[in-house]
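Observations on the three-dimensional arrangement
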Amino acid sequence: MYDFKPAAALPAEELYRELLAAAGALTAGEPDGVANMANVAALLWEFLPDLNWAGFYRVAPAKTGEGEELVLGPFVGRPACIRIPFGSGVCGAAAAGGATQLVADVHAFPGHIACDAASASELVVPVLRDGAVIAVIDLDSPTPARFTAEDARGIEALAELLADRI
Ligand code: SME
């Protein structure tokens, strides 16, 4: 049995150190990206308080057959929109720009895609491999301004760890 759960409420730095260690241990030597994303989504859910969605969107061929778009990957939370064009919403902005999006109030974000009406703030971090975005990690919270720069740094470190594991 895996017991990857923080013992108590930890300061952000320690929390992310433990989260990264757990993600590293769970994905080490496992070549299946879907399995790794599924376990990491579960870890995010276990470790980070006050979330209503945690998971992945992957860069994949667009349904139209032309170009690429984001396609829903493993997650914990309510069923979500399946396909997101680059540049659309918070996830699409992170994918198009290859940069973290830390959004204190999703309702003020132009083009925000509301998958769950409960979401109030959001953190989206791109996963880059060889300079190209291959996926994004998406965290949603029902609390406005839930995510800090420390969360962004922690999830960016996680994205780096996962670059060749998903
Ligand atoms: N809110 C996101 C869409 C994905 S869901 O939050 C799971 C966005 O605006 O891209």
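Rules used throughout
- Residues numbered from 1 in each chain as written.
- Predicted model: local features only at pLDDT ≥ 70, side-chain atom pairs only at ≥ 80, totals over all residues.
- Heavy atoms only, no water.
- Helix = DSSP H or I, 4+ residues; strand = E, 2+ residues; numbered from the N terminus.
- Contact = heavy atoms within 4.5 Å.
- Near = heavy atom within 4 Å.
- Polar contact = N/O pair within 3.5 Å; in protein donor to acceptor, adjacent residues only side chain to side chain.
- Areas by Shrake-Rupley, 256 points an atom, 1.4 Å probe, with all protein chains shown as cover.
- Nonpolar A, V, L, I, M, F, W, Y, C, P; charged D, E, K, R; others polar.
- Buried < 20%, exposed > 50% of the residue type's maximum accessible area, 1.4 Å probe, protein only.

1. Topic: the environment of L51
Considering the arrangement of structural elements, one finds L51 in the loop between α2 (33–47) and β1 (53–61). Distance from L51 to D140, taken between C-alpha atoms, is 5.7 Å for residues 89 residues apart in sequence. Among all residues touching L51, those that are not within four sequence positions of it are L44, W45, L139, D140, S141, P142, R146 and F147.

2. Quick notes on the site of the ligand
Around the ligand there are 13 residues in total, and V90, C91, I113, E122 and D140 lie nearest to it. The side chain of D138 places a nitrogen or oxygen atom 3.3 Å from an oxygen atom of the ligand. Take D140: an N or O atom from its side chain is 2.8 Å from an oxygen atom of the ligand. A total of 300 Å² of accessible area belongs to the ligand in isolation, and the protein chains cover 100% of it. Those elements giving two or more residues to the shell around the ligand turn out to be β1, α3 (89–97) and β6 (132–141). Broken down by element, the residue count for the shell around the ligand peaks at three residues, all from α3. Grouping the constituent residues of the shell around the ligand by class yields eight nonpolar, two polar and three charged.

3. Describing α3
Turning to α3, its buried residues are G89, V90, C91, G92, A94 and A95. Against β1, β2 (68–77), β3 (83–84), β4 (101–103), β5 (121–129) and β6 lie the buried residues of α3. Immediately downstream of α3, the backbone of G98 shows phi near 65 degrees, a positive value.

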